[in-house]
Amino acid sequence: MVKYIIKRVLYSALILLIVSMLLYLLIRLLPMDYVEQKFLSQSLQGTISAEELYRIRALYGLEDSSFLGICRGYWNWLTSVFHGDLGTSFLYNEPVTDVIAEHMWISFGIALAAFVLQYVISIPLGIKAATRQYGAVDYTTTVLAMIGISFPSFFIAILLIKVFAVDLGWFPVNGLLDVTVDWSNNPWGRFGNMLWHIVLPMVAITIVSIGGLMRHTRTNTLEVLNQDYIRTARAKGLSERTVIYKHVFRNTMVPIVTMMAGVIPSLFGGMMILEQVFALPGIGQIAYRALSQGDIPFIMGYNMFIAVLTVIGTLLSDITYMLVDPRIKITK
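Residues numbered from 1 in each chain as written. Predicted model: local features only at pLDDT ≥ 70, side-chain atom pairs only at ≥ 80, totals over all residues. Heavy atoms only, no water.

Q: An account of the overall build of the protein is requested, with residue identities and associated values reported.
A: A tally of helices and strands in the protein yields 16 helices and 0 strands. Counting only C-alpha atoms and orienting by the principal axes, one finds that the protein spans roughly 85 × 60 × 40 Å. Looking at the protein as a whole, 40% of its 332 residues are labelled buried. Considering only contacts in the protein between residues 6 or more positions apart, those separated by 24 or more positions represent 73%. Accessible surface for the protein amounts to roughly 18,700 Å². Of this, 67% is attributable to carbon and sulfur atoms. (Helix = DSSP H or I, 4+ residues; strand = E, 2+ residues; numbered from the N terminus. Buried < 20%, exposed > 50% of the residue type's maximum accessible area, 1.4 Å probe, protein only. Contact = heavy atoms within 4.5 Å. Areas by Shrake-Rupley, 256 points an atom, 1.4 Å probe, with all protein chains shown as cover.)

Structure follows, in structure tokens:
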């Protein structure tokens, strides 16, 4: 087990290095850099000279766009990372680590709640649909799943806002807190108001997510139900509930564990589109602004953070296989 983990970590380090190279190259090849974005209007009006733009670009390390200049910039970034410094964000003028740490918890809270709801709803529905194949429950859940899969997240979000925020007035339209109220002496009220603001985003991401997992659970359950040991369990006189939730459910967990490999990065990665629609100051919206402005330090730091979480999630998923199914052995 230890040798396997060490081997995977070494492979992952190589993958992360290659990913960082490609990512930095793509960022530097964007049509416009941060300086051009920031001083675009002055440049078009002629109020800033080309020499001044070059001097400002040199301050950000963007003066040389040749291949050697890009390689030099990547090397400077890489050496800083090895010293524990992800750099200072161009756009937010703060250390990248501070920006990520400040805003990722909003996205994490919403994504965690949606993740729990997704599994609590999808797995029982998928199993129920499989055990009632071609019945009313199966057809109903299939239609609902296809609706969730087919419609984009922003459409679901706008629909929820229209019905529950605008028409019914039950929830706020956007934002994370009611700014018209002084919450300085009411921390619990502030916390409750924040929870009320994230209900619609949480529901939106849950609706979008449950369809795929439910169909996956249904398909795996149907496959397990046709196995010989299930027929043997029923022949022994075991109740249908015992057969389903003791034998069938456990053996459907292996494919579901595979899907959980992406859970960790999704929890911390934020939801760019939904956070834009609901105007939430989560890490997704922060990353979107940084990407649109060509903020190289933040884009690199954020994406490498997500890449590391992806590697960790994949490794944990492989190890979890053995806990779910003892027949699976890790080969060196």
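Read on for the rest.
Q: Before we move on, can you summarise the pattern of salt bridges with the specific residues and values?
A: Per the counting criterion, the structure on display carries 3 salt bridges. K162 serves as the salt-bridge partner of D167, at 2.8 Å between the closest nitrogen and oxygen. For K162, a relative accessible area of 43% gives the class partly exposed. (Salt bridge = Lys/Arg side-chain N within 4 Å of Asp/Glu carboxyl O.)

Q: Account for the environment of T232, with residues named and values stated.
A: Within the fold, T232 resides in helix α11 (residues 228-235). A relative accessible area of 42% means that T232 is categorised as partly exposed. For the pair formed by T232 and V243, sequence separation is 11 residues and the distance between their alpha carbons is 10.0 Å.

Q: Run through the packing of aromatic side chains, naming residues and quoting values.
A: Applying the stated criterion across every chain yields a total of 10 aromatic pairs. Considering the side-chain rings of F164 and W170, the 5.9 Å spacing of their centres and the 40 degrees angle between planes classify their relative orientation as tilted. What links up through ring pairs into an aromatic cluster is the set Y24, Y74 and W77. (Phe/Tyr/Trp six-rings, centres within 6.5 Å; stacked < 30°, edge-to-face > 60°.)

Q: Explain the nonpolar core to me, and be specific about the residues and the numbers.
A: I100, I296, F298, M300 and Y302 are the most contacted members of the largest nonpolar core, which has 36 residues in total. Put simply, the parts of the chain that give this core at least two residues each are α1 (2-28), α2 (34-38), α4 (50-59), α5 (67-82), α6 (96-131), α15 (283-293) and α16 (296-324). For this core, the element with the most residues is α16, which contributes 9 residues. Those residues in contact with M300 that lie beyond four places of it in its chain are S20, L23, Y24, I27 and W77. (Core = buried A, V, L, I, M, F, W, Y, C linked by side-chain atoms within 4.5 Å.)

Q: Report on the side chain of H103, specifying residues and quantitative values.
A: Within the element layout of this structure, H103 appears in helix α6. Non-local contacts of H103, meaning those with residues more than four positions away in its chain, are made with P281, G282, I283 and I286.

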